[in-house]
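# Coordinate inspection notes
Spelled out from the first residue to the last, the chains are:
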Amino acid sequence: MDVVSYVFFFFSSRRRHTRYISVTGVQTCALPIFTAGELTRLKRLADTLSLDYVYYPGIEAKETNQKNLMDEPVYYLTVMRLISGGETIFNTTAATDDSPFFGNYLRLSRLKETLNLLEGRWLPILTGGGMDLLVIAQAFAVSFALLLLPMFLKSGKKGGSAPGWLVYFFLLGAGYMLAELVFIQKGILALGSPVTAVAVVIPVFIGSSALGGLVSARFGFGFWPPAAVAIILLVSAFMIGGCLDPTSGYSGRTQYIFFGLTIAVTGFFMGMPYPLGLKSAGGASGGMVAYGMAANGFASVIGAVSAPFLALLFGFSRVFVLAAVLYVIASVFALRLANTTDNK
């Protein structure tokens, strides 16, 4: 339904804000568009109050900017740009289940213009997502320094594969946290409550990962454990999206069971690459186990604070895909590290 067919905007410079009259119950299909008589009464009301027309269905540009004169009809031009789908300084995209951020009004591509419009005031930037970026930068800088400083102090005792191990464990930690937080967000849609979603997702996810780590002793370190996780993440993203769709036709109980099984299976396989990596790193260099655990913990912190910010920019579905990409990269590093270990 074309919502703009049910809206009449008018403007008063004395009130210093845009006022609007909209027909209630826009969501009902039986609602008629403004009749000629209704438009006439609304125009008469605006004329009585010395208000300028901004928009109504069928408005012409010459009807605007008649009483409260401005250099140009900025409100009319802005509304028409929004209706036509043109880009504005602020992000006016509607919030969705995949990106449920009602305060996401900043466009990074128009940040300079936004700052000029705000006359250098940074508070709206910080509340619109800038604070998340500052937290990520602080956590990254401190953790990065604490992780690498000991390695530089004892660089002579570490083999040439040390950076590869750090990257491998970092990718596992970041990918794991990104996936877990996306599962929590999907759990809110499935279970209807943030508290319930956290109470279900975290125990099931971590518990199944522990089982996966226990079973991982039967497998060898290499390319396929993290690669398999990447494949399962992509399949899980596709299946969860279809099952949790309100129009899917599945009952609530079926959705709950399917969601729980998806978390358990995904968590089970995601629990394998980490202990396999620790075992192999311990065989290559005993000191790398501690550094690997530190890198994984570092990435867990960064992943936890980065996931909401990345979802703010790209949506939760793409964050899920990013987690799979990180595991693909980890599988490449695992292959190289396994070959290096075998050659020793």
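How each quantity is defined
Residues numbered from 1 in each chain as written. Predicted model: local features only at pLDDT ≥ 70, side-chain atom pairs only at ≥ 80, totals over all residues. Heavy atoms only, no water. pLDDT = per-residue confidence, 0-100. Helix = DSSP H or I, 4+ residues; strand = E, 2+ residues; numbered from the N terminus. Contact = heavy atoms within 4.5 Å. 1 Å grid on protein atoms, 1.4 Å probe; cavity = no way out; pocket = protein on both sides within 12 Å on 5 of 7 lines; lining within 4 Å. Points joined across faces, edges and corners; volume = space filled by probe spheres on them. Expected span 1.5 Å × (residues − 1). Buried < 20%, exposed > 50% of the residue type's maximum accessible area, 1.4 Å probe, protein only. Arc of directions from axis to C-beta. Axes fitted to C-alpha atoms, helices over the stretch in contact; angles between N-to-C directions. Parallel < 35°, antiparallel > 145°, perpendicular 65-115°, else oblique. Nonpolar A, V, L, I, M, F, W, Y, C, P; charged D, E, K, R; others polar.

### What about the confidence of the model for the protein?
Per-residue confidence for the protein gives a mean pLDDT of 81, with 83% of residues at or over 70. Between the elements of the protein, mean pLDDT differs from a low of 40, seen in strand β2 (residues 17–22), to a high of 94, seen in helix α6 (residues 194–215). For residues 14–32, every residue scores under 50 in pLDDT, and the model assigns this stretch 31 contacts once sequence neighbours within four places are set aside.

### Thoughts on empty space enclosed by the protein
Inspection of every chain in the model, using the stated rule, returns 1 cavity of 30 Å³ or more. Put simply, the largest cavity is a space of about 80 Å³. Lining of the largest cavity is provided by 12 residues; of these, D52, Y53, N65, P73 and Y75 occupy positions nearest its centre. Those elements that place two or more of their residues in the lining of the largest cavity are β3 (52–55) and α2 (74–84).

### Some thoughts on α6
Between its terminal C-alpha atoms α6 stretches 31 Å, which fits the 32 Å expected from 22 residues at 1.5 Å a residue. Here α6 has its buried residues at A197, V201, F205, S208, S209 and G212. Buried residues along α6 cover an arc of 105 degrees about the axis, so they all sit on one side. Exposed and facing more than 90 degrees away from the buried side of α6 are V195, A199, A210 and L214. Along its buried surface, α6 packs onto α5 (162–191) and α8 (252–270).

### Considering unusual backbone geometry
Glycine aside, residues mostly have negative phi, and peptide bonds are mostly found in the trans state. Unusually for a residue other than glycine, S50 sits at a positive phi of about 55 degrees. With respect to the secondary-structure elements, S50 resides in the loop between α1 (36–48) and β3. Positive phi is not limited to glycine here, since N65 has a value of about 55 degrees. The residue N65 is located in the loop between β3 and α2 in this model. For N65, a relative accessible area of 17% corresponds to the buried category.

### Quick word on the packing of helix α9 (residues 273–284) against helix α10 (residues 287–314)
Packing of α9 against α10 brings their axes to within 8 Å, and their N-to-C directions diverge by 150 degrees. Overall, the two elements α9 and α10 adopt an arrangement that is roughly antiparallel. Residues Y274, L278, A281 and G282 of α9 lie in contact with α10, whose contacting residues are M288, V289, M293 and N296. For the contact of α9 with α10, the class distribution of residues is 6 nonpolar, 2 polar and no charged.

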